[in-house]
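Close look at the chain arrangement
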Amino acid sequence: MQFEVFTLLPEVFPSYLETSILKRARERGLIHVNVHNIRDYTHDKHHTTDDTPYGGGGGMVMKPEPVFEAIESVMGTKTQQTPPEPVSNIPIILLTPQGRVFKQSIAQELSAHPRIALLCGRYEGIDERIREHLVTDEISIGDYVLTGGELPALILIDAVARLLPDVLGDPTGAEDDSHAMGLLEYPHYTRPPEFRGWKAPEVLLSGDHGKIDKWRRQQALERTFRKRPDMLETAGLTKEDKKIVEHLKSNVKNLRP
Ligand code: ADE
């Protein structure tokens with residue numbers, strides 16, 4: 001899968017992309033991340049990428065020309081028709097606090113595309129014509145405001161990349177993730193079996209995979225019930241799960257906070 005990142009701060013990206021799982025995925029050709037500096041698509045002496053807002057007010061606004069030129073020349077698209085027509089089905093995603101809020105199902109949706117473009121906003125905002133005539137989707141990573149879209153772009157790349165075949169060492173690695181099944185993930189333990197007097201649950205050492213699966217499902221339901229009860233409304237629960245949830249509801253006082 002190919003990620004085309006458009007930013008005014010390309011230097012932000014290498015340190016994270018050259019580490020751990022994403023580094024390995026890039027070396028193995030499973031993902032390609034091309035970072036494009038929007039400033040390279042300016043033509044004036046000062047390489048201007050922002051200007052004061054029409055109508056006054058504070059802050060600076062990202063100019064449309066370099067952003068259009070950068071994305072059109074890299075993506076090979078021409079988007080300036082009126083009315084705008086989608087010229088390709090490659091998503092051109094603006095990272096902005098005004099976008100739809102990123103979650104696992106959006107990561108899954110994006111992982112089905114062979115190529116996506118990510119536009120990182122900076123300054124106070126971007127010229128609205130970029131949003132109207134160039135961008136095809138807007139994503140926020142949460143209801144708070146950062147200084148730019150670079151960290152959100154890295155978060156999106158990370159969440160999408162780890163869903164792609166062979167990126168994680170364990171081929172089932174992403175299946176049990178928190179959120180992947182609509183529930184928070186069950187707790188994990190590793191050696192030693194006892195640490196400072198705290199024992200790993202007996203069942204995990206039993207070798208009985210039927211029992212282990214059942215315990216993990218119960219734990220996932222219990223955690224979700226305790227920490228994110230809202231998720232239970234939309235999780236695909238079996239009859240057995242629903243019984244467990246009913247039981248949790250009636251024993252709410254006995255649960256560990
Ligand atoms: N840029 C600034 N804040 C952001 C957020 N919360 N999500 C995505 N992009 C942003």
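For the structure itself, consult the block above.
None of these values were measured; they are calculated from a predicted model. (Residues numbered from 1 in each chain as written. Predicted model: local features only at pLDDT ≥ 70, side-chain atom pairs only at ≥ 80, totals over all residues. Heavy atoms only, no water.)

**What about the packing of helix α7 (residues 209-227) against helix α9 (residues 239-250)?**
Interaxial distance between α7 and α9 falls to 10 Å at its minimum, and their mutual angle equals 50 degrees. When the interaxial angle is binned, α7 and α9 end up oblique. As for the relative orientation of α7 and α9, their crossing is right-handed in sense. Contacts from Arg217, Gln218, Leu221, Glu222 and Phe225 in α7 reach Asp241, Ile244, Val245, Leu248 and Lys249 in α9. Taken together, the residues of the contact of α7 with α9 sort by class into 5 nonpolar, 1 polar and 4 charged. (Axes fitted to C-alpha atoms, helices over the stretch in contact; angles between N-to-C directions. Helix = DSSP H or I, 4+ residues; strand = E, 2+ residues; numbered from the N terminus. Parallel < 35°, antiparallel > 145°, perpendicular 65-115°, else oblique. Left-handed = near helix turned anticlockwise from the far one by under 90°. Contact = heavy atoms within 4.5 Å. Nonpolar A, V, L, I, M, F, W, Y, C, P; charged D, E, K, R; others polar.)

**Considering a negative patch on the surface**
A contiguous patch of negative charge, built from Asp170, Glu175, Asp176 and Asp213, is present on the exposed surface. Along the chain, Asp170 falls in the loop between α6 (150-161) and β9 (194-195). (Patch = residues over 30% accessible without salt bridge, like charges linked within 9 Å, V, L, I, M, F, W, Y side chains within 5 Å. Areas by Shrake-Rupley, 256 points an atom, 1.4 Å probe, with all protein chains shown as cover. Salt bridge = Lys/Arg side-chain N within 4 Å of Asp/Glu carboxyl O. Lys, Arg positive; Asp, Glu negative; His and termini not counted. Charge placed at Lys NZ, Arg CZ, Asp CG, Glu CD.)

**Quick notes on the environment of Val33**
One can find Val33 in strand β2 (residues 32-37). When the C-alpha atoms of Val33 and Leu17 are compared, they prove to be 8.3 Å apart, with 16 residues separating the residues in sequence. The residues touching Val33, leaving out its near neighbours within four places in the chain, are Phe3, Val5, Leu17, Arg26 and Ile157.

Honestly, that's just the spatial picture; any functional story needs more than this.
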